[in-house]
Structure formats: C-alpha cells, structure tokens
Amino acid sequence: MASLNLLHHPSTSISSSSSCCCLFPRSFIPRKSNNNFHVFTPKGGKHMKPSLIVKAVAGDPFTDGTIPIPSNPFDAIPSLKLNLLSAVSGLNRGLAANEEDLQKADAAAKELEDAGGLVDLTDNLDKLQGRWKLIYSSAFSSRTLGGSRPGPPIGRLLPITLGQVFQRIDILSKDFDNIVELQFGAPWPLPPLEATATLAHKFELIGSSKIKIIFEKTTVKTTGNFSQLPPLEVPQLPESLRPKSNRGSGDFEVTYLDENTRVTRGDRGELRVFVIS
C-alpha cells in the first residue's frame, strides 16, 4: 500500500474523532491534480482555498481505496477552545459586551461547535454531572439578571452587583440548580448585603442534546456579615397571575461538551459558555 505525506494548508485546519471511518470530513471533496497530488477542497466552490493536500509517495492510494488513517490528525479543538475563551475574556460574563463582542464570541463558538460535531447525550448524560461556572452569556448584554427574559436591572435603578454564576447538575436526582451570587448596596455606614440565590429546577433530556428544565423554587441565603440568617424561600405568584409565556420552564441545546467545557444555545438564542468548577 502506498504511504502518504500529509501537507496541512496553513489557512484552515480540520479535526477527527476515533469514531470516524474516514480521514477527511464529509464537508470536503477530493479533487485529483497532477504530480501525484490530491487536493481536498471544502464544499462551496473552487474559489475556496484547499484545506489539505495529500501526496502519494509510491503509487496512487486512491486506486485501491485504502488510505492510512492517523490516530488524530490536525486536532484543532484545543486552539478553538482557546480562541473562544479569549473572545469572551474581559466581558464580565457578557455584561460588558457590545455588538462587536457578541459577534466575535458567536463566531468563535460556531467554529468550536463545528469541529466538535453533534453532541449526543443519550448514552453520555454523565458528562453533564458537576458544578459548572458560567464565564459568558450573550443574554447578559441586556444588562439585566433575566438576560433575554424579564429581570431586575444591574447597576441602574437597583444597586445590584452580580457575582459568580454556577449551574449544579445532578444526573441521578435530575436536579438542575442555577446558583447566583449577588451583592446589594446599602447606605453608608451599613455594609453591603451579600446573598446567594438558588433557582432550583428539574431537568429531562429531549432528543439527543436538548435539555428541558422545569422551575421548582427560588431560595435566597445571606452570606458574609449576615450569614447567620436562615435561608428564605421566595414565594411564587399565584398560578392565575403568572405570565402564560413564562411558566418557569425552558430548554436549551448542548452544542459542545467535553470534560471541562460546555457550550449551550438557549431557546431564545442565548449563547452560554461554562467551564467545570
């Protein structure tokens, strides 16, 4: 069998997984050229730059349909993850993001999602397990705690400072808790009030990668100087007074997932990036 020299074009990169039966992704089509070279061009037209050039050292490997498959050729995921983390750094979880920042973060996330392929949680739900720290949400660019949903403003009418935000997921109990650290300003000489709000949900898997969450309750626990106070469960509005469009449930798609990074797209288009805590 002929051996191959793989010449990686510097303009782009590709990745593969161990489950893939072919060296080249389906979005690339082979095109034979002279001098025993084979150029793999992305679907979309000949005007696009080639991404991979394959040279046959002895004979033509395409005559018998056999191509040596490297274990992990040109794995671009680490660099794409770094690009995404760089794009969202300094944006204060998205609170400081402008339109240009939102577009850069979205583009970096799409590159990582494309490289990672479709997420299938059917047999890998345990990958969701743990406490995840939110490092970016496009919804926070609205400058409210509700993101793309109604919520109290931050730093405008109310002296609220948003601290760390976490998601705690337990795949056995199906608990899905959003945990938000808050600081409420107080007139001098009183110290600010620090608290942690836990929005408790249950979750279920819909399809292969969509998660539906159902709201149960909100509990607020003071921390810092007032940590001795007992937790307070926030009462809900009567069923008849709750908005029909928001019954406390929602869904989102897990678009990228590995052992330490998770990317999701919400039912209102929100992009969120988490790292394991």
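Cut-offs and rules
Residues numbered from 1 in each chain as written. Predicted model: local features only at pLDDT ≥ 70, side-chain atom pairs only at ≥ 80, totals over all residues. Heavy atoms only, no water. Salt bridge = Lys/Arg side-chain N within 4 Å of Asp/Glu carboxyl O. Helix = DSSP H or I, 4+ residues; strand = E, 2+ residues; numbered from the N terminus. Buried < 20%, exposed > 50% of the residue type's maximum accessible area, 1.4 Å probe, protein only. Expected span 1.5 Å × (residues − 1). Arc of directions from axis to C-beta. Polar contact = N/O pair within 3.5 Å; in protein donor to acceptor, adjacent residues only side chain to side chain.

Points about the pattern of salt bridges
Side-chain pairs of opposite charge can arise whenever the charged atoms involved come near each other. Scanning all chains against the criterion turns up eight salt bridges. Here Asp258 and Lys81 are joined by a salt bridge, their closest N and O atoms 2.9 Å apart. With Asp258 in the loop between strand S11 (249-257) and strand S12 (261-266) and Lys81 in helix H1 (residues 77-88), this residue pair connects regions lying 177 residues apart in the sequence. Side by side, Asp258 and Lys81 carry an identical accessibility label, which is buried.

Observations regarding helix H2 (residues 99-116)
Compared with an ideal rise of 1.5 Å per residue, which puts 18 residues at 26 Å, H2 spans 26 Å between its outermost C-alpha atoms and is within 8% of the ideal. Those residues of H2 lying buried are Asp101, Leu102, Ala105, Ala108, Ala109, Leu112 and Glu113. Taken down its axis, H2 places every buried residue within 140 degrees of arc, on the same side. Away from its buried face, by an angle of more than 90 degrees, H2 presents the exposed residues Glu99, Gln103 and Asp114. Where H2 starts, the residue carrying a side-chain oxygen 3.1 Å from the main-chain nitrogen of Glu100 turns out to be Asn98.

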